Amino acid sequence: MVRLFDIWDLSLDTPEGIRLRDALTALASDPTDRGVLVATADDIVHGRRQRSYLAPHAAYLMGENRFHADLPPLNS
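First, a word on scope: everything that follows refers to the structure included in this document.

Comments concerning the overall build of the chain
Counting secondary structure elements, the chain contains two helices and two strands. In the chain, the order of α-helices and β-strands from amino to carboxyl end is α-α-β-β. Its C-alpha radius of gyration of 15 Å places the chain more than 25% over the 11 Å reference for a compact globule of 76 residues. Counting only C-alpha atoms and orienting by the principal axes, one finds that the chain spans roughly 40 × 30 × 25 Å. The buried share of the chain, reckoned over its 76 residues, is 11%. Across the chain, every contact between residues at least 6 apart in sequence was considered, and the portion connecting residues at least 24 apart equals 15%. Total accessible area on the chain is roughly 6,800 Å²; 56% of this is exposed by carbon and sulfur atoms.

Here we look at the side chain of D43
By secondary structure assignment, the location of D43 is in helix α2 (residues 41-46). Once residues within four sequence positions are removed from consideration, D43 is found in contact with V38, R48, R49 and L54.

Details of the pattern of salt bridges
Throughout the structure, instances matching the rule amount to three salt bridges. Across the salt bridge formed by D22 and R21, the nearest N and O atoms sit 3.0 Å from each other. The exposure class of R21 is partly exposed, given its relative accessible area of 34%.

Section: the packing of aromatic side chains
Any two aromatic rings considered together are summarised by their centre-to-centre distance and by the angle between their planes. What the rule picks out here adds up to zero aromatic pairs. Cation over ring: R48 sits above Y53, and NZ or CZ is 4.4 Å from the ring centre.

Some remarks on unusual backbone geometry
Even without being a glycine, Q50 presents a positive backbone phi close to 55 degrees. Within the fold, Q50 resides in the loop between β1 (48-49) and β2 (52-53).

What about the environment of L10?
Relative to the elements of secondary structure, L10 occurs in the segment before α1 (15-29). Residues L10 and R21, spaced eleven residues apart in sequence, show a C-alpha to C-alpha distance of 7.8 Å. Once you skip the residues sitting within four places of it in the chain, L10 turns out to touch G17, L20 and R21.

So, how was this worked out
- Residues numbered from 1 in each chain as written.
- Predicted model: local features only at pLDDT ≥ 70, side-chain atom pairs only at ≥ 80, totals over all residues.
- Heavy atoms only, no water.
- Helix = DSSP H or I, 4+ residues; strand = E, 2+ residues; numbered from the N terminus.
- Rg over C-alpha atoms; globule rule 2.2 N^0.38 Å.
- Buried < 20%, exposed > 50% of the residue type's maximum accessible area, 1.4 Å probe, protein only.
- Contact = heavy atoms within 4.5 Å.
- Areas by Shrake-Rupley, 256 points an atom, 1.4 Å probe, with all protein chains shown as cover.
- Salt bridge = Lys/Arg side-chain N within 4 Å of Asp/Glu carboxyl O.
- Phe/Tyr/Trp six-rings, centres within 6.5 Å; stacked < 30°, edge-to-face > 60°.
- Lys NZ or Arg CZ within 6 Å of the ring centre and 35° of its normal.

Scope: geometric values only; no functional claims are made or implied.
So, in structure tokens, the structure goes:
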């Protein structure tokens, strides 16, 4: 199996980029919104951010190694 990841850095050189960052930060701090999550490196190593699981491949944001095995698929 091959996985490809595109990782984009948010450019804050424009007013639009700053507004997007501010909107995402506001959503992440809103306890009623479950669509945006801000996680630290420690959260990624732990595999959780408060009550939320973090996907094991989030570790690739920090390097070439994962810290946890894949999560089992969710059945709907």
